[in-house]
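Below are the chains, spelled out letter by letter.
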Amino acid sequence: MNPKSNILQRIEAALAAVPYPSSPEGLYEPIQYVLEEGGKRLRPTLLLLVYSLYRDDLERAIPAAIGLETYHNHTLLHDDLMDHADLRRGRATVHRKWDENTAILSGDTMLIMAFRHVMACQCTRRADVLDLFARTAQEICEGQQFDINFETRNDVTVDEYLEMIRLKTAVFLGCATKAGALIADAPEADAEALYAFAQHVGLAFQLQDDYLDVYGDPAVFGKKIGGDILCGKKTYLLINAFNKADADTRQRLSALIADKTMPAEEKIAAVTDIYNECGIPQLTLAAIDHFYALAEEALTRVALPAQKRTVLWEYAQSLLGRKS
């Protein structure tokens with residue numbers, strides 16, 4: 001059986017087996033609702049894939065994997081509330097199906113449950129795992145606040161943007177791989193290299209998401225393109241377009257982003273034309289390749305046979321839609 005397939009089955013079974021109190025009514029139903037929605041289970045899969053490189057007793061790392069997935073869905077629940085989103089994975093979001101107060105309280109409970117799951121992990125380095133998890137959770141909040149701050153700023157730099165996506169997205173992937181290594185009692189140098197590997201994958205993944213929102217095939221990307229343009233989101237593409245454009249083009253771009261009356265398709269096409277004029281697609285693809293190469297280099301520093309490291313590298317390639 002494919003190791004990733006087996007791991008995914010173990011994750012789903014463990015999530016389904018989590019016991020929930022029957023009262024108070026209305027607190028735990030939304031948590032079960034959110035966790036049964038599915039998704040990629042990316043973070044627990046990374047944790048368990050790394051753990052399986054060093055040890056065979058996968059059950060030992062399951063609680064931490066479930067903790068990370070519970071925390072991830074906690075962030076999605078609160079993100080949906082902050083974004084006033086109606087749907088998540090094709091189903092009503094918690095604040096729409098129940099109400100905003102329920103979303104806040106159930107989301108807070110998920111955060112506490114996530115830490116309790118990680119605390120239940122029986123390993124010699126549990127304190128280190130908990131410290132890593134707590135630091136990561138705080139960094140993700142920092143990244144979210146940077147993202148919120150950027151909404152009202154027109155002077156966001158590329159470095160600021162990269163730091164925001166590192167905190168908001170990439171550090172959690174690093175946490176998953178490093179936690180798997182710590183629980184498995186892997187060498188410290190391996191744990192750090194695995195953290196760097198996953199963090200660079202996360203940066204490449206987020207930049208690719210920015211790119212595909214403009215240049216992706218909707219049938220493959222899974223959603224309509226141009227959403228970031230329509231909401232004026234500060235992405236790697238938009239920030240670089242402002243940096244690369246001449247004064248007249250910059251003024252035109254600013255007017256387009258601020259225009260709330262222009263038909264959606266027309267606005268997306270006009271902004272995309274400016275991106276093309278400024279060489280933004282090539283610039284973004286080069287940045288993705290840069291972080292992809294850093295991830296590959298970091299993985300070679302892990303002191304394991306190449307055939308073992310290949311499992312992780314192939315998983316990273318699958319996330320980025322690559323074959324080589």
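It should be emphasised that the depicted structure is a prediction, and the values quoted were computed from it without experimental measurement.

Quick look at empty space enclosed by the protein now. Overall, the coordinates contain three cavities of 30 Å³ or more when judged by the stated rule. There is about 70 Å³ of room inside the largest cavity. What lines the largest cavity is simply Tyr33, Val34, Glu37, Asn73, Leu76, Leu77, Asp80, Arg88, Arg89, Thr93 and Val94. For the lining of the largest cavity, the elements supplying multiple residues, two or more each, are helix 2 (29-35) and helix 4 (62-83). The biggest single contributor to the lining of the largest cavity is helix 4, with four residues. When its residues are assigned to classes, the lining of the largest cavity shows five nonpolar, two polar and four charged.

Now for the environment of Ala61. As for its placement among the helices and strands, Ala61 is situated in the loop between helix 3 (42-54) and helix 4. Overall, the relative accessible area of 0% leaves Ala61 in the buried class. Dropping the residues within four chain positions of it, Ala61 is found in contact with Leu47, Leu48, Tyr51, Cys121 and Ile183.

This part takes up the nonpolar core. Ranked by internal contacts, the top residues of the largest apolar core, which has 91 residues, are Leu47, Leu48, Tyr161, Ile183, Phe197, Leu207 and Leu312. When residues in this core are grouped by element, the largest group, 15 residues, is from helix 8 (residues 158-183). Those residues in contact with Phe197, other than ones at most four positions away along the chain, are Ala295, Ala298, Leu299, Leu312, Trp313 and Ala316. Core analysis: the second largest hydrophobic core is formed by 15 residues, Leu237, Leu253, Ile257 and Ile268 among them.

Glancing now at the packing of helix 13 (residues 247-258) against helix 14 (residues 264-277). The N-to-C vectors of helix 13 and helix 14 enclose an angle of 155 degrees; their axes lie 10 Å apart at closest approach. The angle between helix 13 and helix 14 falls in the class roughly antiparallel. Our pair here, helix 13 against helix 14, has a crossing hand that is left-handed. Mapping the contact onto sequence places Thr249, Arg252, Leu253, Leu256 and Ile257 in helix 13 and Lys267, Ala270, Val271, Ile274 and Glu277 in helix 14.

This paragraph deals with helix 8. Its 26 residues place the ends of helix 8 35 Å apart at the C-alpha level, agreeing with the 38 Å of an ideal helix rising 1.5 Å per residue. In helix 8, a bend of some 45 degrees at Leu167 exceeds every other bend along the element.

In this model, Ser23 is joined to Pro24 through a cis peptide bond whose omega is 5 degrees. Unlike most non-glycine residues, Asp185 shows phi in positive territory, near 60 degrees.

Tallying each qualifying case throughout the model produces 18 salt bridges. We note a salt bridge from Asp86 to Arg96, for which the minimum N-O separation is 2.6 Å. Here Asp86, found in the loop between helix 4 and strand 1 (87-88), pairs with Arg96, found in helix 5 (residues 94-97); they are ten residues apart in sequence, far enough to count as distant. For the salt bridge of Arg153 with Glu160, the shortest nitrogen-to-oxygen distance reads 2.9 Å.

Applying the stated rule across the entire model yields nine aromatic pairs. When the centroid spacing of 6.3 Å and the interplanar angle of 50 degrees are considered together, the rings of Tyr20 and Tyr28 count as tilted. An aromatic cluster is defined as three or more aromatic residues linked by ring pairs; in this entry it consists of Tyr71, Phe115, Phe133 and Phe172. Over the ring of Trp98 we find Lys97; its NZ or CZ atom is 5.5 Å from the centre of that ring. Seen from the ring of Tyr195, Lys178 lies directly overhead, with NZ or CZ sitting 5.9 Å from the centre.

With that settled, consider the state of the cysteines. Under the criterion given, the structure shown has zero disulfides. The thiol of Cys123 is unpaired, and the distance to the nearest cysteine sulfur, on Cys121, comes to 4.3 Å. We classify Cys123 as buried; its relative accessible area is 15%. No disulfide involves Cys175; its nearest neighbouring cysteine sulfur is the one of Cys121, lying 12 Å away. Using a relative accessible area of 1% as the deciding quantity, one classes Cys175 as buried.

Calculation rules
- Per-chain numbering applies: the sequence of each chain, read as written, is numbered from 1 onward.
- Local features are withheld for residues below a pLDDT of 70 in this predicted model, meaning they are given only at 70 or higher, and side-chain atom pairs are given and counted only at 80 or more; totals for whole chains, interfaces and linings count all residues.
- Hydrogens and waters are ignored; side-chain quantities use all the structure's heavy atoms.
- Throughout, the protein atoms alone are placed on a 1 Å grid, and a set of points is a cavity if a 1.4 Å probe fits but cannot get out or a pocket if it is open with protein on both sides within 12 Å along at least five of seven lines; lining residues have an atom within 4 Å of a point.
- Grid points are joined across faces, edges and corners, and a volume is the space filled by probe spheres set on the points.
- Numbering of helices and strands starts at the N terminus; helices are DSSP runs of H or I of at least 4 residues and strands are runs of E of at least 2.
- Side-chain classes follow a simple rule in which Ala, Val, Leu, Ile, Met, Phe, Trp, Tyr, Cys and Pro form the nonpolar group, Asp, Glu, Lys and Arg form the charged group, and the remainder, Gly included, forms the polar group.
- Burial classification: accessible surface area is computed with a 1.4 Å probe over protein chains only, and a residue below 20% of its type maximum counts as buried, one above 50% as exposed, and the rest as partly exposed.
- In this analysis, two residues are considered to be in contact whenever any of their non-hydrogen atoms come within 4.5 Å of each other.
- Note on terminology: a nonpolar core comprises buried Ala, Val, Leu, Ile, Met, Phe, Trp, Tyr and Cys residues joined through side-chain atoms within 4.5 Å.
- In this analysis, axes come from line fits to C-alpha atoms, helices being fitted only over the stretch in contact, and the angle between any two N-to-C directions falls in the range 0 to 180 degrees.
- To sort the angles, those under 35 degrees are grouped as roughly parallel, those over 145 as roughly antiparallel, those from 65 to 115 as roughly perpendicular, and the leftovers as oblique.
- In this scheme the crossing of two helices becomes right-handed for a clockwise turn of the near helix relative to the far one and left-handed for an anticlockwise turn of less than a right angle.
- The span you would expect from a helix comes to 1.5 Å times its residue count less one.
- One axis fitted to the seven residues ending at a residue, another fitted to the seven starting there: the angle between these axes is the bend at that residue.
- Here, a salt bridge means any side-chain nitrogen of Lys or Arg that lies within 4 Å of a carboxyl oxygen of Asp or Glu.
- What counts as a ring pair is set by centres within 6.5 Å for rings of Phe, Tyr and Trp (its six-membered ring), and what kind of pair is set by the plane angle: stacked under 30 degrees, edge-to-face over 60, tilted for all other angles.
- Distance and angle both matter: a charge sits over a ring if NZ of Lys or CZ of Arg is within 6 Å of the ring centre and within 35 degrees of the ring normal.
- Put simply, a disulfide is two cysteine sulfurs that come within 2.5 Å.

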